[in-house]
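Chain by chain, the residues:
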Amino acid sequence: SNKTSISSLFKTVGVSVSKRYFASSSSQHRVTLIPGEGIGPEISDAVVQVFKAANVPIIWDKVEVNSQTGVSDAVIESVNRNKVGLKGPLGTPIGTGHTSLNLALRKKFNLFANLRPSVSIDGVKTRYDNVDVTVIRENTEGEYSGIENSPVKGVAQSIKVSYFH
């Protein structure tokens, strides 16, 4: 059935943090949902439907972050309270002098790494078999530090930040 295959898919590609968070109890857990902008709401709704089909016990706290609202106190309170959030894509204004909302969220919650797990799914033919890899992208150094300016008209400057321990 469709429900069984969606449930199996979720179990196959589920993020390890979700497994730890939801494995401890059969009770429902609150999760902050930031649908995002552009295609974000459509993608976020699809993820919510997959979680529902997989019977993941979640109560979604939907909050808005967009170019009009910014990152409000309600968003910060919801994420701090729930400790878990799902964020759809957010637009990044180019050349407007406004800080990226993605960068603002990363800085506010000290989200220094982006994890991208990739695994093969039984029965799905792909170029490579038995894939099980996670790419970790650092989010707060280098070009992701958000230190940019325009010293003179027509010139953009981005400062790379690196920490050595």
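Residues numbered from 1 in each chain as written. Predicted model: local features only at pLDDT ≥ 70, side-chain atom pairs only at ≥ 80, totals over all residues. Heavy atoms only, no water.

Student: Sorry, what's going on with the overall build of the protein chain here?
Tutor: The number of helices and strands found in the protein chain is five helices and seven strands. Its helices and strands in sequence order give the protein chain the pattern α-α-β-α-β-α-β-α-β-β-β-β, from N to C terminus. Taken across its 165 residues, the protein chain has 28% of its residues classed as buried. At a minimum sequence separation of 6, the contacts of the protein chain that also span at least 24 residues come to 60%. Counting only carbon and sulfur atoms, one obtains 55% of the accessible surface of the protein chain, whose full area is about 11,700 Å². (Helix = DSSP H or I, 4+ residues; strand = E, 2+ residues; numbered from the N terminus. Buried < 20%, exposed > 50% of the residue type's maximum accessible area, 1.4 Å probe, protein only. Contact = heavy atoms within 4.5 Å. Areas by Shrake-Rupley, 256 points an atom, 1.4 Å probe, with all protein chains shown as cover.)

Student: Sorry if this is basic, but what is going on with the nonpolar core here?
Tutor: Within soluble globular proteins, side chains that are nonpolar generally end up buried alongside one another. One finds I34, V63, V65, V75, I76, V79, L90, L101, L105 and F109 forming the largest nonpolar core, which totals 10 residues. Counting residues per element, the ones that place at least two in this core are α4 (73–82) and α5 (101–108). What L105 contacts, discounting residues up to four positions off in sequence, is I34, V71, V75, K87, L90 and L111. In terms of nonpolar packing, the next biggest core, distinct from the first, is built from five residues, V31, F51, A54 and V56 among them. (Core = buried A, V, L, I, M, F, W, Y, C linked by side-chain atoms within 4.5 Å.)

Student: Would you mind showing me how to read α5 here?
Tutor: Two residues of an α-helix separated by three or four positions point the same way, owing to the 3.6 residues in each turn. Those residues of α5 lying buried are L101, N102, L103, L105 and R106. Taking the backbone nitrogen of N102 as reference, a side-chain oxygen 3.2 Å away marks S100 as the first, capping residue of α5. Backbone geometry just after α5 places N110 at a positive phi near 50°. (Polar contact = N/O pair within 3.5 Å; in protein donor to acceptor, adjacent residues only side chain to side chain.)

Student: Would you mind going over the sheet that holds strand β2 (residues 58–62) with me for this structure?
Tutor: For sheets, the rule is that strands pair by backbone hydrogen bonds, running either parallel or antiparallel. Here we have three strands laid out as an open sheet, ordered β2-β1-β3, and parallel in their pairing. Both outer strands of the open sheet, β2 and β3 (85–87), are each paired with one neighbouring strand and no more. The mean inter-strand angle of the sheet, taken between neighbouring strand axes irrespective of direction, is 30°. (Pairing = 2+ DSSP bridges. Axes fitted to C-alpha atoms, helices over the stretch in contact; angles between N-to-C directions.)

Student: Explain helix α3 (residues 40–53) to me, please; I cannot follow it from the model alone.
Tutor: The end-to-end C-alpha distance of α3 is 20 Å, a good match for the 20 Å that 14 residues give at a rise of 1.5 Å each. The complete set of buried residues in α3 reads G40, S44, V48, F51 and A53. Two residues or fewer after α3 comes N55, characterised by a positive phi angle close to 60°. (Expected span 1.5 Å × (residues − 1).)

Student: Whenever I open this one, unusual backbone geometry confuses me. Can you help?
Tutor: One non-glycine residue, K83, lies in positive phi territory at about 70°. Take K83: it is sitting in the loop between α4 and β3. Judged by its relative accessible area of 66%, K83 is exposed. Its identity is not glycine, yet N110 carries a phi of approximately 50°, on the positive side. Assignment of secondary structure puts N110 in the loop between α5 and β4 (113–119).

Student: Please explain the side chain of N66 as it appears in this structure.
Tutor: Structurally, N66 can be placed in the loop between β2 and α4. At 2.8 Å, the side chain of N66 forms a polar contact with the backbone nitrogen of Q68. Those residues in contact with N66, other than ones at most four positions away along the chain, are E37 and L101.

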